[in-house]
Amino acid sequence: MPPSDDASLSFLERVTWLLRRQPHKIDYALATSATPLPSDAALGLRIGAAYCHAMETFQPTASFWDQSFFAAKRNIHDAMISGSVEAIEAVLINPAETSLFWGFDGPTKPPADAWADAETAPRDPHAFVLRNANATADWHRLYGIWLMDSLVSAGEAMGILRADYPEISLEMPRQYPGGLSVDEIIDRMDQMLGLGLQFPNPFPGELGLPSRRGIVSFRAIQALYQAWRIWTLAEGNPDFSVLEIGAGLGRTAYFARTLGLRDYTIIDIPMTNLAQADFLCRTLDPTEVSLFTEPRAQTNILPPFMLSRLDRSFDLIVNVDSFTEMSSESMMDYYDFARRHRTPILSINHEYNANTFREVYTRDSIAKATRYPYWPRRGYVEEVVTWRNA
Ligand SMILES: C[S@@+](CC[C@H](N)C(=O)[O-])C[C@H]1O[C@@H](n2cnc3c(N)ncnc32)[C@H](O)[C@@H]1O
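Since we're looking at a predicted model, the values are computed, not measured. (Residues numbered from 1 in each chain as written. Predicted model: local features only at pLDDT ≥ 70, side-chain atom pairs only at ≥ 80, totals over all residues.)

**Section: the overall build of the chain**
Counting its regular elements, the chain contains twelve helices and ten strands. For the chain, the C-alpha radius of gyration of 21 Å lies close to 21 Å, the compact-globule estimate for 390 residues. Dimensions of the chain along its principal axes, counting C-alpha atoms only, are 60 × 55 × 40 Å. Taken over 390 residues, the chain has a buried fraction of 41%. Put simply, 68% of the contacts in the chain that link residues at least 6 apart link residues at least 24 apart. (Helix = DSSP H or I, 4+ residues; strand = E, 2+ residues; numbered from the N terminus. Rg over C-alpha atoms; globule rule 2.2 N^0.38 Å. Buried ≥ 20, exposed ≤ 12 C-beta atoms within 10 Å, placed from the backbone. Contact = placed C-beta atoms within 7 Å.)

**Quick look at the sheet that holds strand β3 (residues 242–245)**
In sheet architecture, strand pairing relies on hydrogen bonds along the backbone and comes in two forms, parallel and antiparallel. The eight strands lie next to each other as β5-β6-β4-β3-β7-β8-β10-β9, forming an open sheet whose pairing is mixed. The sheet is open, and its two edges are formed by β5 (289–290) and β9 (367–373), each paired on a single side. Relative to strand β6 (residues 299–302), strand β4 (residues 264–267) runs parallel, the two sharing four bridges. Note that in β6 the partner of I266 across the bridge is I301. In the packing of helix α9 (residues 251–258) onto the sheet, contacts are made with β3, β4, β6 and β7 (316–320), and the angle to β4 comes to roughly 175°. In the packing of helix α10 (residues 270–283) onto the sheet, the strands contacted are β4, β5 and β6, and the crossing angle to β6 comes to about 160°. (Pairing = 2+ DSSP bridges. Axes fitted to C-alpha atoms, helices over the stretch in contact; angles between N-to-C directions.)

**Here we look at the nonpolar core**
Counting 95 residues, the largest nonpolar core has L147, L151, I221, L224 and V242 as its most contacted members. Of all the elements, helix α6 (residues 139–158) adds the most residues to this core, at eleven residues. (Core = buried A, V, L, I, M, F, W, Y, C linked by C-beta atoms within 7 Å.)

**Describing the site of the ligand**
Looking at the ligand, there are 20 residues lining it, with G246, G248, T272, V320 and S322 nearest. Of the residues assigned to the shell around the ligand, the class counts are nine nonpolar, seven polar and four charged. (Near = placed C-beta within 6 Å. Nonpolar A, V, L, I, M, F, W, Y, C, P; charged D, E, K, R; others polar.)

**Observations regarding unusual backbone geometry**
For the peptide bond that leads from G106 to P107, omega is 5°, which places it in the cis range. Looking at the secondary structure, you find P107 in the loop between α4 (85–93) and α5 (126–133). For E13, which is not a glycine, the phi torsion comes out positive at approximately 50°. Given 14 C-beta atoms within 10 Å, E13 falls into the partly exposed group.

**Some remarks on helix α7 (residues 182–193)**
When the terminal C-alpha atoms of α7 are compared, their 17 Å separation across twelve residues agrees well with the 16 Å that a helix rising 1.5 Å per residue should span. Tucked into the core, α7 has its buried residues touching α6. Just beyond α7, the residue with positive phi is G194, at close to 65°. (Expected span 1.5 Å × (residues − 1).)

**Overview of the packing of α6 against helix α8 (residues 218–234)**
A pair of packed helices is characterised by two quantities: the angle between their axes and the separation of those axes. The interhelical angle for the contact between α6 and α8, taken along N-to-C directions, is 10°, at an axis separation of 9 Å. Overall, the two elements α6 and α8 adopt an arrangement that is roughly parallel. Of α8, the residues touching α6 (which contributes L147, S150, L151, A154, A157 and M158) are F218, I221, L224, Y225 and W228. Within the contact of α6 with α8, the residues separate by chemical class into ten nonpolar, one polar and no charged. (Parallel < 35°, antiparallel > 145°, perpendicular 65-115°, else oblique.)

**Here we look at the packing of helix α1 (residues 41–57) against α4**
Viewed as axis vectors pointing N to C, α1 and α4 meet at an angle of 95°, and their least axial separation amounts to 9 Å. Judged by the inter-axis angle, α1 sits roughly perpendicular to α4. Between α1, through A41, G44, L45, I47 and G48, and α4, the contact on the second element is made entirely by V85, I88, E89 and L92.

**Comments concerning the pairing of β4**
Side-chain positions along a regular strand alternate between the two faces of the sheet. Every second residue of β4 is oriented toward a common face, with Y264 and I266 on one face and T265 and I267 on the other, all of them buried. Direction of pairing for β3 relative to β4: parallel, over a ladder of four bridges. Looking at β4, one finds that I245 is bridged to I267. You can see the chain leave β3, run along α9 and come back into β4, and the turn it takes is right-handed. (Right-handed = clockwise from strand over helix to strand, strands pointing away.)

**As for the environment of M331**
Mapped onto the elements, M331 comes out in helix α11 (residues 328–341). You can call M331 buried: it has 21 C-beta atoms within 10 Å. A sequence separation of 24 residues divides M331 from N355, and the C-alpha atoms of the two residues are 9.5 Å apart. Leave out the neighbours within four places in its chain, and M331 touches F323, M326, N355 and V360.

**Digging into the pairing of β6**
Neither face of β6 is exposed, since T299 and I301 on one face and N300 and L302 on the opposite face are all buried. Pairing of β5 with β6, which is carried by two bridges, proceeds in the parallel orientation. Counted as the bridge partner of V289 is T299 from β6.

No statement about biological role is implied by the geometric values presented.
So, in structure tokens, the structure goes:
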């Protein structure tokens, strides 16, 4: 039943401001992926070797990613450099019991200083946002509402749902009495994209909305929208080349590949490269994924120092929720690379941190930008920078 009055929504408290519309329902079922990950010693050794090679050259910066987060993930580093396949597999096979995905995705175990009791803490990082916004309500209930709001927003952005219009009715979308189910929304997206859309859940413990196509978790919705956005900028050209900086688990690369893009490069720190390699090699054809020091493939995963060694340009540089978390020197290295090659940048970032992306391009006389709210997640700004002839 759609909530009928404001009183029934009062439990949302500050979570209201994470949403774009009045929820159609207040109780959405959630599901957790349960299938154990099959052991894959060869993949573990491959990922471990790429990590060790990268760490020979990698120089940490002052960013918290290279300082406090690295310290929290130190046991993962130790396992990777141990050369022991058992130790490597123990890290890769059950991310809900390590902090490997901490900072970008779930399932993950929060570091000891992030939650009073790390053993019993939620394994989904979005629980922390929801607890911060409402300390008393069951965060699972709030998470279902937030996930559905984000999915509907992505649907509106993609044009498979009409935009909600609160000036006349709050019970939206008015043209879909009772609201649409998760499967109905995803079916519409799939019809538009023509892909046979799947939401892969290779790791046990991923929490999200259940669907016929897999469990739909928060970052998966963002990634699907982002890949669609990249695809629209590519105008459907499968040879359109993308450099994504700071890619988290690699979900956007996954959806971009399933949309047909076959020249995709990720640059990220070696610790996060581990997570990307584990996710992408288990969800795409692993022979089409290249790790550091391996021959180029359709999807490539590289550490930051490779930026200055790339002897090529790209059609688009993408950065999501990341530029403002790295040192300003790192952000400027990536920006200068884009500027030198006159490569457009798609940035989706919030403006809470000390540095903003806007401050960088507004100081630059040859940069011009569009700037709009990012549709599926409040608080984020979507900017596309292009270059004047100079
Ligand atoms: C908050 S996460 C966002 C990840 C992903 N874009 C998403 O939205 O789910 C920040 C990302 O920036 C990456 N990062 C941090 N420092 C970096 C650097 N110097 N170069 C490239 N990526 C970096 C992190 O490893 C992580 O993947």
